[in-house]
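Here is what each chain is made of, one letter per residue.
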Amino acid sequence: MARVLLSVAHMGGEERDFVKEAFDTNWVVPLGPNVNGFEQDLEQWLNRHSDHENHVVALSAGTAAIHLGLVMLGVEKGDEVICQSFTFAASANPITYLGATPVFVDSEADTWNMDPELLEEAIVDRIRKTGHKPKAIIPVYLYGNPVKISKIMDVARKYDIPVLEDSAEAMGSLYDGLHCGTFGAFGVMSFNGNKMITTSGGGALICRSKSDADRVKFFATQARENFPYYQHEHIGYNYRLSNVSAGIGRGQMKVVDQHIARRNEIHHRYAELLSGVEGIRVMEPKADKDAMPNYWLTCICVDEEKTVGKDYRQLASLLDSNDIETRPLWKPMHLQPVFSQAPAYVNGVSERFFNCGLCLPSGPMVSNDDVDRIVGLIKEFCH
Ligand SMILES: *Cc1c(COP(=O)(O)O)cnc(C)c1O
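Residues numbered from 1 in each chain as written. Predicted model: local features only at pLDDT ≥ 70, side-chain atom pairs only at ≥ 80, totals over all residues. Heavy atoms only, no water.

1. Thoughts on the sheet that holds strand β11 (residues 291-292)
- Here three strands make up an open sheet; going across it, the order is β7-β6-β11 and the pairing antiparallel. Unpaired on one side and paired on the other, β7 (178-179) and β11 mark the two borders of the sheet.
- Relative to β7, strand β6 (residues 174-175) runs antiparallel, the two sharing two bridges. By the bridge assignment for β7, Leu174 is matched with His179. (Pairing = 2+ DSSP bridges. Helix = DSSP H or I, 4+ residues; strand = E, 2+ residues; numbered from the N terminus.)

In structure tokens, the structure reads:
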């Protein structure tokens, strides 16, 4: 039996045609018609659930999108940027690329995402301690779960600090009927191999205006000024998505809604089959307003007191020996050795989840039979 993986890419079928077209027309260079086509596909798709028009710039990675978002917000050496602690390191690393310092803020138990009250405490305390406001705020849509973004935006507006939404895991998640990643100054998409759709590696920055998008494209192509020769007045980056990768993305946009629907089905199958299983809780984070997660990954918490001291690590190794891949939840950034010097505003929530949680196979390649077998093993573990 093949190993059941956490979240793998699934091609819809038309990707090959777009890539072939790139070869046939000799657009195997960076940029070209697939890049423009992919950006338009993403814009139209986002605009279906948005209260404004979105402008999307396709980039080489979600991490590059965060980096350029911070460049656009003017983050510089010596600045502080507030970042959700419960996340993947890619949310915070780009802050340090610019010589700025991350300030970590913990999550709330009902969404797993940035606690708006703790955010305000952190802002007030940073101003008191440093005499300066943080330059930006990065909330994260962990596992695709909506942040209480209207509360975060209220705090951000009160102190006039821009928000860069790390919505890399949240493609298709809605908050109050609108796409996550379209509320702040910028939003992030990732097309890495394990995300909702893939370009075999890639990302995008969601912008609110065409002029912002044009400026992002400028920084993403070495900040080359409009001169007949190579003139440079700013530091630039080589961050554009290639025309071949964008071809895969155009094919994936034909199946993105199916992928979201399938992950939703898988989540609800796990939830139904595991309901009432003593010691296991399927995580169903809830935001304050009408929120629809994309169910990128289904996560469970193992309650050691009810499983006679056996914890999530033992469950992971049982599943692993049955050829099922799982992964612990993200280890919070304030507990990472590399960020041990960074200021952190902590309430214990992310650490608690980190110590009990596991992500289960959730990708579109996971069958109902796989889910049933996984649930069977989890039940066996609990007995
Ligand atoms: C995947 C991910 C990113 C980075 O995206 P890449 O395309 O892998 O660079 C950023 N933030 C979060 C929360 C992610 O999960």
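2. Some thoughts on the packing of aromatic side chains
- Applying the stated criterion across every chain yields a total of 12 aromatic pairs.
- Relative to Phe183, the ring of Tyr175 has its centre 5.7 Å away and its plane inclined at 85°; by these criteria the two rings are edge-to-face. Across this residue pair, the class does not change: Tyr175 and Phe183 are buried.
- Centroid distance Phe218 to Phe219: 5.3 Å. Interplanar angle 65°. Geometry classified as edge-to-face. Neither Phe218 nor Phe219 differs from the other in exposure class; each is buried.
- In textbook terms, an aromatic cluster arises when at least three aromatic residues are bridged by ring pairs, as seen for Phe86, Phe88, Trp112, Tyr143, Trp296, Trp330 and Phe353.
- Across the ring face of Phe381, the terminal group of Lys310 is positioned such that the distance to the ring centre comes to 4.5 Å.
- Over the aromatic face of Phe353 sits the side chain of Arg352, whose NZ or CZ is 5.8 Å from the ring centroid. (Phe/Tyr/Trp six-rings, centres within 6.5 Å; stacked < 30°, edge-to-face > 60°. Buried < 20%, exposed > 50% of the residue type's maximum accessible area, 1.4 Å probe, protein only. Lys NZ or Arg CZ within 6 Å of the ring centre and 35° of its normal.)

3. Things to note about the site of the ligand
- The full set close to the ligand counts 16 residues, and Thr63, Asp166, Glu169, Ser190 and Lys195 are the nearest of them.
- Between an oxygen atom of the ligand and a side-chain N or O atom of Ser190, the distance comes to 2.7 Å.
- In the environment of the ligand, an oxygen atom lies 3.5 Å from a nitrogen or oxygen atom belonging to the backbone of Gly202.
- Starting from 380 Å² of accessible surface for the ligand in isolation, the protein chains cover 94%.
- Top contributing element to the shell around the ligand by residue count: helix α3 (residues 62-72), with three residues.
- Taken together, the residues that form the shell around the ligand break down as six nonpolar, seven polar and three charged. (Near = heavy atom within 4 Å. Polar contact = N/O pair within 3.5 Å; in protein donor to acceptor, adjacent residues only side chain to side chain. Areas by Shrake-Rupley, 256 points an atom, 1.4 Å probe, with all protein chains shown as cover. Nonpolar A, V, L, I, M, F, W, Y, C, P; charged D, E, K, R; others polar.)

4. A word on the domain arrangement of the protein
- Domain assignment breaks the protein into domain 1 (15-255) and domain 2 (257-382).
- Computed from C-alpha atoms alone, the centre-to-centre distance between domain 1 and domain 2 is 26 Å.
- With 53 residues of domain 1 in contact, the opposing surface of domain 2 contributes 40 residues.
- A combined buried area of about 4,000 Å² lies between domain 1 and domain 2, and 59% of that area is made up of carbon and sulfur atoms.
- Three residues, Trp112, Tyr143 and Met196, lead the burial of domain 1 against domain 2; their summed loss comes to 20% of the area buried on that side.
- Where domain 1 touches domain 2, the interface holds two salt bridges.
- Asp288 is the partner of Lys151 in a salt bridge, and the nearest nitrogen-oxygen pair spans 3.7 Å.
- For the interface between domain 1 and domain 2, the tally reads 27 residue pairs in polar contact (both at pLDDT 80 or more).
- Those elements that place two or more of their residues in the side of domain 1 that touches domain 2 are α4 (93-97), β3 (101-105), α5 (116-130), α6 (149-158) and β6. (Domains from an automatic or database assignment. Contact = heavy atoms within 4.5 Å. Buried area = accessible area lost by both parts, 1.4 Å probe. Salt bridge = Lys/Arg side-chain N within 4 Å of Asp/Glu carboxyl O.)

5. What to know about the sheet that holds strand β1 (residues 55-59)
- Within the open sheet, the four strands sit side by side as β1-β9-β8-β5. Their pairing is mixed. Strand pairing shows two members of the sheet lacking a second neighbour, β1 and β5 (164-165), which therefore form its edges.
- Two elements, strand β8 (residues 186-190) and strand β9 (residues 203-207), share five bridges in a ladder whose sense is antiparallel. Bridging from a neighbouring strand, Phe186 pairs with Cys207 of β9.
- Set on the sheet, helix α2 (residues 33-47) makes contact with β1, β8 and β9; between it and β1 the angle comes to about 135°. (Axes fitted to C-alpha atoms, helices over the stretch in contact; angles between N-to-C directions.)

6. Description of unusual backbone geometry
- The phi angle at Tyr143 is positive, at roughly 55°, despite the residue not being glycine.
- In the Ramachandran plot, Tyr295 falls in the positive-phi region, its phi being about 55° despite a non-glycine side chain.
- Turning to its location among the elements, Tyr295 is positioned in the loop between β11 and β12 (298-302).

7. Observations concerning the nonpolar core
- Membership of the largest hydrophobic core comes to 36 residues, with the highest contact counts inside it found for Leu59, Leu68, Leu70, Ile138, Leu164 and Leu205.
- Looking at this core, the elements with two or more residues in it are β1, α3, β2 (80-84), β4 (136-138), β8, β9 and α7 (210-220).
- Tallying contributions element by element places α3 first for this core, with six residues.
- Counting only domains with at least three residues in this core, you end up with domain 1 (15-255) and domain 2 (257-382). (Core = buried A, V, L, I, M, F, W, Y, C linked by side-chain atoms within 4.5 Å.)

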